[in-house]
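Structural features, examined
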Amino acid sequence: MTKMPFDQNSVRADFPILEREIANKKLIYLDSTATAQKPNVVIDAMDEFYRHSNANIHRGVHTLAEEATAMYEKARGQVASLINAASAREVIFTRNTTESINLIAKTWGRENLASGDVIILTEMEHHSNLVPWQMLAEEQDLVLEFVPVTDDYLFDMDAYRKLLVLKPKLVAFTQMSNVLGTITPAKEIIKLAHEAGALTLVDGAQSVPHLPVDVQDLDADFLVFSAHKMVGPSGIGALYGKMDLLNAMPPFMGGGDMIKTVHLRSFVTNQVPYKFEAGTPAIAEAVGFGVAAEYLQNLGMDAVEAHEHSLAEYALERLAEIPSLTVFGPSAEHKGGVASFVMEGLHPHDIAQILDGEGIAVRAGHHCAQPLHEVCGVKATTRASFYIYNTKEEIDALVEGIYKVKEIFG
Amino acid sequence: MDDLYRQLIIERYKTPHYRGHLDPHDIFFEDDNPVCGDHIEVTLRVDDQNLVTEANFDGEGCSISQASADLLMETVHGMNLDEVKELTKDDVVELLGIDLGPVRLKCALLSLKVLKAGAYGLGVDEVSDDLVE
Ligand SMILES: Cc1ncc(COP(=O)(O)O)c(C=O)c1O
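Residues numbered from 1 in each chain as written. Chains lettered and ligands numbered in written order. Predicted model: local features only at pLDDT ≥ 70, side-chain atom pairs only at ≥ 80, totals over all residues.

Residue and element names in this part refer to chain B. Spatially, the three strands line up as an open sheet ordered E1-E2-E3, and their pairing is antiparallel. Among the strands making up the open sheet, the edge pair consists of strand E1 (27-33) and strand E3 (52-60). Taken pair by pair, the neighbouring strands of this sheet meet at an average axis angle of 15°, ignoring direction. Docked against the sheet, helix H5 (residues 102-120) engages E1, strand E2 (38-46) and E3, running at close to 150° with respect to E1. (Pairing = 2+ DSSP bridges. Helix = DSSP H or I, 4+ residues; strand = E, 2+ residues; numbered from the N terminus. Axes fitted to C-alpha atoms, helices over the stretch in contact; angles between N-to-C directions. Contact = placed C-beta atoms within 7 Å.)

Below, the structure is given as structure tokens:
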């Protein structure tokens, strides 16, 4: 991987949607944490798949089936390479992060957890890394414990060490908060979890798109993420798991492709990863996902991280100038490219709506992290988030837009 | 955008005419918008002919949700409860005088949903978006 910064203009030129005008103004897209925009290479690869190679995968021997199967499996390799998985077979295609987590809860969880077992989560989790565990806890009488966020919005390592005394079976945590931008010390969290005898699930929905993530270096047992947040298509995501864990897990959904043999009253499951990929998968989306992973890898995840870090730093500095505006989250050094804020006397919807009139797309609401908003003592925030195609000039425009909001509601 | 923030909406948001909790009241209902956590409650006084004599809202939310609640309370003054039950999405859109996308429409319609649930005497579990279709 290269540490060279990438050329901002050529990256921007890769994303056709950035040509779009909203309210007669050039689109400024600051909502990549919800979903990222897509570069031509991804759009073209999917288009080309449908125009040129479309067929169902596996079992077919005709040319198109062979081609489609090869492209689907190539994509698995591209995604595996981005996260440095030891084998491409450790990458299972799912619909998204949410489905990946549910898969783990409903297979590994049901098989390995029993009444009284402890799962450690954090207060920063997205609903998708909370609700599946709440459901499983209800079903199997499990105990959920939560690592708090510190006063400066970091993962509370001291509290975590204390919770580990409970001998948890699983520690499931986000590597980057989609609200605070907090980057958690994943490697250390995993090391401590392993020492306490727990497995680990890393929610990489925000980290894989924005940081270098190496599952072998982290020693993560499971890592989950979504293509759509990393310049790939919606409808596909990934579950990485260590091979021995995946081998030992029961299948998730039953149907075609996940079986080796089927009789009227019994079946034998297929090998990993097919065991977890029942039915015709999102083939074109997989192709797009692979190309997206390769696109990011070519930019260099170190360079991606550095770019966003400089934007986060600049955004925090500029937003701090605005009276009666509060940003939630840690200082820039611990933070990805996310700025969630509130303004005294102003509702996030109104802020987002007026910014939209300036062509600026930000998100307003609880961002699927209601418990975290409770911790922060607010119902909703306005969130601006940054990615490879964003610039400092766009942050300047955001700040101007916010002044306009103040003027209208002043 | 400037359309969306017509003077009327900003004014009613900043200085609502019908904000507050009526005590005593004949009808009370409250609900949230799960997307943004907005909250609206409506209290009504109704006379023996089923006419609304007083109508108030309370709660918190964006300018669209609060202004539409205030305008709606104004509208229902003097209405028969049966007429209140007949109010529709279009009535609220007309009151606001602006075009809204699906997300903001939910903000605008929260007060109508609460009002109609109250008029029908529904239980908390019986409220659905069908009320404001
Ligand atoms: C930290 C985090 N986890 C999980 C998710 C869920 O991702 P998806 O909706 O693609 O399943 C998100 C998406 O916002 C997220 O930010």
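Within chain B, residue pLDDT values average 90, and 97% of them lie at 70 or more. Interface confidence for the predicted complex, given as ipTM, is 0.81, next to a pTM of 0.92. (pLDDT = per-residue confidence, 0-100.)

All right, on to the sheet that holds strand E7 (residues 170-174) of chain A then. All names here are of chain A. Strand order in the open sheet formed by seven strands is E4-E10-E9-E8-E7-E5-E6, and the pairing between neighbours is mixed. The sheet is open, and its two borders are formed by strand E4 (91-94) and strand E6 (143-147), each paired with just one other strand. Neighbour-to-neighbour, the strand axes of the sheet open up by a mean angle of 20°, direction not taken into account. Note that E7 and strand E8 (residues 199-203) share five bridges and pair parallel. Looking at E8, one finds that threonine 174 is bridged to aspartate 203.

Next up on the list: the pairing of strand E9 (residues 222-226) of chain A. Residues and elements named next belong to chain A. Of all five residues in E9, five are buried; the element is thus mostly enclosed. What you see with E9 is no split at all: Phe222, Val224 and Ser226 on one side and Leu223 and Phe225 on the other are buried throughout. Here E8 runs beside E9; their pairing, made up of three bridges, is parallel. Its bridge partner lying in E9, valine 202 is registered against leucine 223. Examined bridge by bridge, E9 and strand E10 (residues 237-241) share five bridges and lie antiparallel to one another. Paired with valine 224 across the bridge in E10 is leucine 239. (Buried ≥ 20, exposed ≤ 12 C-beta atoms within 10 Å, placed from the backbone.)

The subject of this paragraph is helix H13 (residues 348-356) of chain A. Among the nine residues of H13(A), eight are classified as buried, and the element is accordingly described as predominantly covered. Residues of H13(A) that are buried include every one of Pro348(A), His349(A), Asp350(A), Ile351(A), Ala352(A), Gln353(A), Ile354(A) and Leu355(A), and no others.

Another aspect to go through is the interface of chain B and chain A. Counting residues at the interface gives twelve residues for chain B, matched by 16 residues for chain A. Split by residue class, the side of chain B that touches chain A holds nine nonpolar, three polar and no charged. (Nonpolar A, V, L, I, M, F, W, Y, C, P; charged D, E, K, R; others polar.)

Here we come to the site of the ligand. Of all residues adjacent to the ligand, which total 14 residues, the nearest are Asn96(A), Thr98(A), Asn178(A), Ala205(A) and Ser226(A). For the shell around the ligand, the per-class residue count stands at two nonpolar, eleven polar and one charged. (Near = placed C-beta within 6 Å.)

Here we come to the nonpolar core. All names here are of chain A. Counting residues in hydrophobic clusters, the biggest one holds 168 residues, and the most contacted among them are Val287, Ala292 and Leu296. Broken down by element, the residue count for this core peaks at eleven residues, all from helix H11 (residues 283-299). If you count residues domain by domain, this core takes at least three from each of domain 1 (8-30 + 300-409) and domain 2 (43-298). Look past the residues within four positions of leucine 296 in its chain and what remains in contact with it is Leu82, Met230, Val231, Met301 and Val304. (Core = buried A, V, L, I, M, F, W, Y, C linked by C-beta atoms within 7 Å. Domains from an automatic or database assignment.)

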